[in-house]
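Each chain is listed here by its residues.
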Amino acid sequence: MSERNRTVPRVGMVGGGQLSRMTHQAGIGLGVDFSVLAASPTDSAALVCGDVTLGDDRGLDDVLAFAKARDVVTFDHEHVPEPVLRAVEEAGGLLRPSRDALRFAQDKLRMRTRMAELDAPSPRWRAVTTLEHVTAFAGDTGWPVVLKAARGGYDGKGVWVVGDPDEARGVVDRAAAEEVPLLVEEKVDFSRELAVQVARSPHGQVAVYPVVETVQRGGICHEVIAPAPHLSEEKATLAQQLAIEIAQALDVTGVLAVELFETAGGVVVNELAMRPHNSGHWSIEGARTSQFEQHLRAVLNLPLGSPRTNAPYTVMANLLGGADPEVYRRYLHVMAKDPEVKVHFYGKEVRPGRKIGHVTVMGEDYQDLLERARDAAAYLRGDEQ
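Analysis parameters
Residues numbered from 1 in each chain as written. Predicted model: local features only at pLDDT ≥ 70, side-chain atom pairs only at ≥ 80, totals over all residues. Heavy atoms only, no water. Pairing = 2+ DSSP bridges. Helix = DSSP H or I, 4+ residues; strand = E, 2+ residues; numbered from the N terminus. Axes fitted to C-alpha atoms, helices over the stretch in contact; angles between N-to-C directions. Contact = heavy atoms within 4.5 Å. Salt bridge = Lys/Arg side-chain N within 4 Å of Asp/Glu carboxyl O. Buried < 20%, exposed > 50% of the residue type's maximum accessible area, 1.4 Å probe, protein only. Arc of directions from axis to C-beta.

A.B. asks: Just checking my understanding: could you explain the sheet that holds strand S8 (residues 182–186) for this structure?
C.D. replies: Strand pairing in a sheet is mediated by backbone hydrogen bonds. Such pairs are either parallel or antiparallel. Here 4 strands make up an open sheet; going across it, the order is S5-S8-S6-S7 and the pairing antiparallel. The outermost strands of the open sheet, each flanked by one partner alone, are strand S5 (125–128) and strand S7 (159–162). On average, each strand axis in the sheet is inclined to that of its neighbour by 25°, with strand direction left out of account. Relative to S8, helix H5 (residues 108–117) is tilted by about 45°, and along the sheet it contacts S5, strand S6 (145–149) and S8.

A.B. asks: Can you walk me through the pattern of salt bridges in this structure?
C.D. replies: Here the idea is simple: oppositely charged side chains can pair when their charged atoms come close. The full count for this structure, using the stated rule, is 30 salt bridges. A salt bridge links Glu213 to Arg192, with the nearest nitrogen and oxygen atoms 2.9 Å apart. With a gap of 21 residues between them, Glu213 in strand S11 (residues 212–217) and Arg192 in strand S9 (residues 192–200) connect regions that are remote in the sequence. One exposure class covers both Glu213 and Arg192, and it is buried.

A.B. asks: Is there a simple way to explain the side chain of Thr263 in this structure?
C.D. replies: Mapped onto the elements, Thr263 comes out in strand S13 (residues 254–263). With relative accessibility at 14%, the residue Thr263 sits in the buried group. Each residue touching Thr263, except ones within four places of it in the same chain, is listed here: Val188, Asp189, Phe190 and Val268.

A.B. asks: Sorry, what's going on with the environment of Ala127 here?
C.D. replies: For Ala127, the location among the structural elements is in strand S5. Considering only alpha carbons, one finds Ala127 and Leu194, 67 residues apart in sequence, at a separation of 25 Å. Not counting residues up to four positions away in its chain, the partners in contact with Ala127 are Leu109, Leu182 and Leu183.

A.B. asks: What should I look at first to understand helix H3 (residues 82–90) in this one?
C.D. replies: In an α-helix, one turn spans 3.6 residues; hence positions three or four apart end up facing the same way. If you check which residues of H3 are buried, you get Glu82, Val84, Leu85 and Val88. Buried residues in H3, looked at end-on, bunch into an arc of 160°, giving them a common side. In H3, the exposed residues that point more than 90 degrees away from the buried face are Pro83 and Glu90. Close packing links the buried residues of H3 with helix H2 (60–68), strand S4 (72–75), helix H4 (99–106) and H5. Directly beyond the C-terminal end of H3, a positive phi value near 100° is found at Gly92.

Written out as structure tokens, the structure is:
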């Protein structure tokens, strides 16, 4: 699809969000020729990347043209339609992860079906099209239940916890009107949420990161503690092995994030993402090889880097936009108060509740690190003046 006499591989990332932005930063150190397909010149990655193609990052013509000029194409989101991915591969484009792998991250019905085939621990679930289907399922599991759009959800969007048939009816009716396929899952009784990042290269090498604890509020990840505190070595190893087995079974190339529920009986698979993931941002400072560098190494079939940690604990806190858009002027206070806090901003317009950056801090006492990360994020958000 591209000039084969180039000595430096051309890597293209479809999508211009913060994941592309941070992957671009990792690509600078690796010396690869990195480019992005962004929808707007104000997209997070488009603001900093030297090679930007503007176009529809889900549209056939633009994605196909972008792929033709790259040696390998990867993604910062799962929303490129399957027919577009098929057309790129049929034209000779190299997608990593491939269309066959991505379909399990794009479609929750496919993912749940495949997890069942693999005997991976999962919630009870069922595809539903009517209210009667939902109420019959709840008759077995009890209310509340979780309704999910099979496609297109992220950051809590496309997920509804419903407590009775009246609440379920509204979701089912909207989904039917919009022709959105639904599934229903039992509401898992979990103690906390965990995540594992595993990278896999085309020749099957894997590198797995420590299991982390994620703190979710309103469907949005607010904090990550790496590694997850008070998780036994046995449970951590089992979670890592599960992530590796899923990556191998789905033939993933690149980084796979496996989101998990920790329950009294063990871990349960919640979601999959085949790209760098919010739960792995801590690795920029906290690991020998960040998830972004690791993703590039994997898609280029380079030897994978060490996922070992650089400190006993690393805490990341997401920065969500507040009412005050003037964030930069608050750097002075945060950096002066705690010089060990690392601040990452994504170049996004500040809107209340929008992810606009994150902070990380490393050390030995995770409770202290949590307080410091929360304090920095709160001040940058404008909660304290």
